[in-house]
Amino acid sequence: MVEIAPSLLSADFICLEKEIKRIKDAGISMLHIDVMDGHFVPNITVGPMVVKSIKSKFSIFLDVHLMISKPDEYIEAFKDAGADLITVHSETCLHLDRTLEKIKNYGIKAGVSLNPATPPEIINWVSEKLDLVLVMSVNPGFGGQSFLPNSIDKISQIKTMREQLRGKWKIQVDGGINTKTAPSVIKAGADILVSGSAIFKGDEDPADIIKQLKSTNTI
Ligand code: DX5
Ligand code: ZN
């Protein structure tokens, strides 16, 4: 069954504790935290202090998506704050292999994220160090954008690459995921769906949306 990682970006930041409790009660075990620096992406969000506060209150797997220009300089801080998985953008890493090695050496999981215009071939060279490949299905920076349909082909390609490489990593898809877009994304090969605005900003109860996303029928 597909796993859902709610993105905190669309939650009510004045009530983070209540928001996280709501999704935990809905059976969620992975929380996606979007870290933006106003440089790699045109938006600024949260840093290690917020990750640390969340970790101190909740036992939930923290999936930290770094959309920052110099990830190497902050990996240790996010690890110390309690990140269980750190995903870096391939576009920000001059030495991706070294960066992934650095994350793994801290004993946590490592992921690489690919912007919509970034070809997936890079995975060929770092497959053994990966726990996750994050396919961006919007241009990173904001919640609430529309899903880019050509992401479907990319997800399928990456799934094929995983078979060929015998990769152990999971495929995560992030951006514009809702009950309408989820079926084709799952069919193409996604293991984990990140969803922000559909869960936190819709008219329905987040628990209901999570349930619908989890039980998405792909046929
Ligand atoms: C976008 C972020 C996403 C974002 C997704 O740059 O990486 O995680 O929160 O939000 P929705 O689900 O609203 O597209
Ligand atoms: Zn994200």
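Quick note: structure is the one above.
The structure displayed is predicted, hence computed values, not measured ones.

Enquirer: Before we move on, can you summarise the coordination of the zinc ion (ligand 2) with the specific residues and values?
Expert: The protein atoms that coordinate the zinc ion (ligand 2) are H32 (NE2), D34 (OD), H65 (ND1) and D174 (OD), at distances of 2.0 to 2.3 Å. Metal-centred angles of 70 to 169° between the 6 donor atoms at the zinc ion (ligand 2) mark the site as octahedral. Since its relative accessible area comes to 0%, H32 is described here as buried.

Enquirer: With reference to specific residues and values, describe the site of ligand 1.
Expert: Close to ligand 1 lie 20 residues, the nearest being G144, D174, G176, G196 and S197. Between an oxygen atom of ligand 1 and a main-chain N or O atom of G144, the distance comes to 2.7 Å. The separation between an oxygen atom of ligand 1 and a polar side-chain atom of S197 is 2.5 Å. Its free accessible area being 380 Å², ligand 1 has 100% of it covered by the protein chains. Taken atom by atom, the bulk of ligand 1 overlaps the largest pocket. Elements that contribute at least two residues to the shell around ligand 1 include exactly β2 (30-36), β3 (61-67) and β8 (192-195).

Enquirer: Tell me about the sheet that holds strand β7 (residues 170-174), and name the residues and values.
Expert: Taken together, the 8 strands give an open sheet; going across it, the order is β1-β8-β7-β6-β5-β4-β3-β2, and neighbouring strands pair in parallel fashion. Each edge of the open sheet is held by one strand with a lone partner, namely β1 (3-6) and β2. With direction set aside, neighbouring strand axes in the sheet form an average angle of 25°. Strand direction decides the pairing type here: β2 and β3, joined by 7 bridges, are parallel. Bridging across to β3, M36 finds its partner in M67. Packed on one face of the sheet, helix α2 (residues 48-57) meets β2 and β3 and runs near 170° to β3. Packing against the sheet, helix α4 (residues 96-105) makes contact with β4 (85-89) and β5 (109-114), and its axis sits at approximately 145° to β5.

Enquirer: Just give me the short version of empty space enclosed by the protein, but keep the residues and values in it.
Expert: The final tally for this structure, using the stated rule, is 1 cavity of 30 Å³ or more. The volume enclosed by the largest cavity comes to roughly 30 Å³. As for the largest cavity, its lining consists of L8, L9, F13, I33, D34, T45 and V46. Considered class by class, the residues forming the lining of the largest cavity number 5 nonpolar, 1 polar and 1 charged.

The rules we used
Residues numbered from 1 in each chain as written. Chains lettered and ligands numbered in written order. Predicted model: local features only at pLDDT ≥ 70, side-chain atom pairs only at ≥ 80, totals over all residues. Heavy atoms only, no water. Donors = N, O, S within 2.8 Å, 3.2 Å for Na, K, Ca; no water. Tetrahedral: all angles 85-135°; square planar, octahedral: opposite > 155°, others 65-115°. Buried < 20%, exposed > 50% of the residue type's maximum accessible area, 1.4 Å probe, protein only. Near = heavy atom within 4 Å. Polar contact = N/O pair within 3.5 Å; in protein donor to acceptor, adjacent residues only side chain to side chain. Areas by Shrake-Rupley, 256 points an atom, 1.4 Å probe, with all protein chains shown as cover. 1 Å grid on protein atoms, 1.4 Å probe; cavity = no way out; pocket = protein on both sides within 12 Å on 5 of 7 lines; lining within 4 Å. Sits in = over half its atoms within 2 Å of the grid points. Helix = DSSP H or I, 4+ residues; strand = E, 2+ residues; numbered from the N terminus. Pairing = 2+ DSSP bridges. Axes fitted to C-alpha atoms, helices over the stretch in contact; angles between N-to-C directions. Contact = heavy atoms within 4.5 Å. Points joined across faces, edges and corners; volume = space filled by probe spheres on them. Nonpolar A, V, L, I, M, F, W, Y, C, P; charged D, E, K, R; others polar.

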